[in-house]
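Close look at the chain arrangement
For reference, the chains in residue letters:
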Amino acid sequence: MTNKVFKKIYRLFVALFCSVKPIHAKASNDVVFSYIDISAWQGKVDFEKVKKAGVQGIIIRIGYGDVLSYPSQVDEYFERNYSECKRLGIPVGGYFYSYATTPEQAKREAQGCLKLITEKQFELPILYDVEELRIFNTGRTNVIIKAFCSELEAKDWWTGIYIYKAAADAYLTQQTRDRYTMAVAQYADKCTYTSQYGIWQNSSTWRVSGISGNVDHDYCYVDYPAEIKAKGKNGFPKPQPKPELIYKTTKDTPIVSIKGVEPKGKTVKIGGRKTVCGVQYGRIDGTKDDWISLKDCKQVK
């Protein structure tokens, strides 16, 4: 997810730091999705070929740094990449590359990111791409991350962190690692990051039909599209609360474990339902074993 020059330098740093040789990795048995990350570096992508090749989700670069002050730092292919993913029904997420060295700068980066993604829908998380050594050297990496992510979360965006494993181990607190969705880059035959993570970027030299040249590849272990939609995040509508099940008896209906027969017209709130021998029963809310036949009842709410 980096620019090309920095990626070459940082990859060397990671290899020396972790003694890891960049190779194609094998996924574990519980992989949910196979993703790729793309940006303007990939040029004009043939998304139909990419989809036919079996790619199940794409994380696109949104921009980098202060896009509010420098609009040219919006990824030039962002709008096209987004619209093509939506046209073809490919789950899409985004990443925003950071140059912030203060929480105030990170907040401004977040505001620029929000300006670009508002009114859009993303099935995958929006990741804060934290790789610059200048950020780590501040000693405030975790505060900077929180400043960006808090801005997005306040607007109901599912956000997370993209970071190299070596940097995560060296600079992130356990609280940060546990708090956010983690996309960890480690180019190896397996991911050895020991804290929780949902996405593992295992290669920067993956090849796929529809893209000329190398592309980053990810394995994902969480069904983000289902979770994001269910929670109404990332531009998707908030789920409507289930209506209360309140029934009104239309005939005298016996209620188990309650003395006598309740009079016609009584309103009862139902906490659960079941069908026995073709007759539907409702469990009276707040009780464990008190059931009422709904045969002679009318739902009023």
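A quick note: this is a predicted structure, and the numbers were derived from the prediction, not measured.

In this section: the pattern of salt bridges. Across all of its chains, the model carries 13 salt bridges by this definition. Glu 79 is the partner of Lys 120 in a salt bridge, and the nearest nitrogen-oxygen pair spans 3.2 Å. Of this pair, Lys 120 sits in the loop between helix 4 (103–117) and strand 4 (126–129) while Glu 79 sits in helix 3 (residues 78–88); the two residues are 41 residues apart in sequence, bridging distant segments of the chain. A relative accessible area of 13% means that Lys 120 is categorised as buried. A salt bridge links Arg 134 to Glu 132; the nearest nitrogen and oxygen atoms lie 3.4 Å apart. Note on Arg 134: relative accessible area 45%, which makes it partly exposed. One salt-bridge network, held together by shared partners, links Glu 48, Glu 84 and Arg 87.

The periodicity of an α-helix, 3.6 residues per turn, causes residues three or four positions apart to be oriented the same way. With 13 residues, helix 6 (residues 141–153) extends 18 Å between its outermost C-alpha atoms, agreeing within 8% with the 18 Å of an ideal straight helix rising 1.5 Å per residue. Of all the positions in helix 6, only Thr 141, Asn 142, Ile 144, Ile 145, Ala 147, Phe 148, Cys 149 and Leu 152 are classed as buried.

Applying the stated criterion to the full structure yields 14 aromatic pairs. A ring pair is formed by Tyr 162 and Tyr 164, whose centres lie 6.3 Å apart and whose planes are at 70°; its orientation type is edge-to-face. Take Tyr 162: its relative accessible area is 0%, and that puts it in the buried class. By way of ring pairs, the aromatic residues Tyr 64, Tyr 97 and Tyr 99 are connected into one cluster. The ring of Tyr 82 carries the charged tip of Lys 120 above its face, separated from the ring centre by 5.4 Å.

So, how was this worked out
Residues numbered from 1 in each chain as written. Predicted model: local features only at pLDDT ≥ 70, side-chain atom pairs only at ≥ 80, totals over all residues. Heavy atoms only, no water. Salt bridge = Lys/Arg side-chain N within 4 Å of Asp/Glu carboxyl O. Helix = DSSP H or I, 4+ residues; strand = E, 2+ residues; numbered from the N terminus. Buried < 20%, exposed > 50% of the residue type's maximum accessible area, 1.4 Å probe, protein only. Expected span 1.5 Å × (residues − 1). Phe/Tyr/Trp six-rings, centres within 6.5 Å; stacked < 30°, edge-to-face > 60°. Lys NZ or Arg CZ within 6 Å of the ring centre and 35° of its normal.

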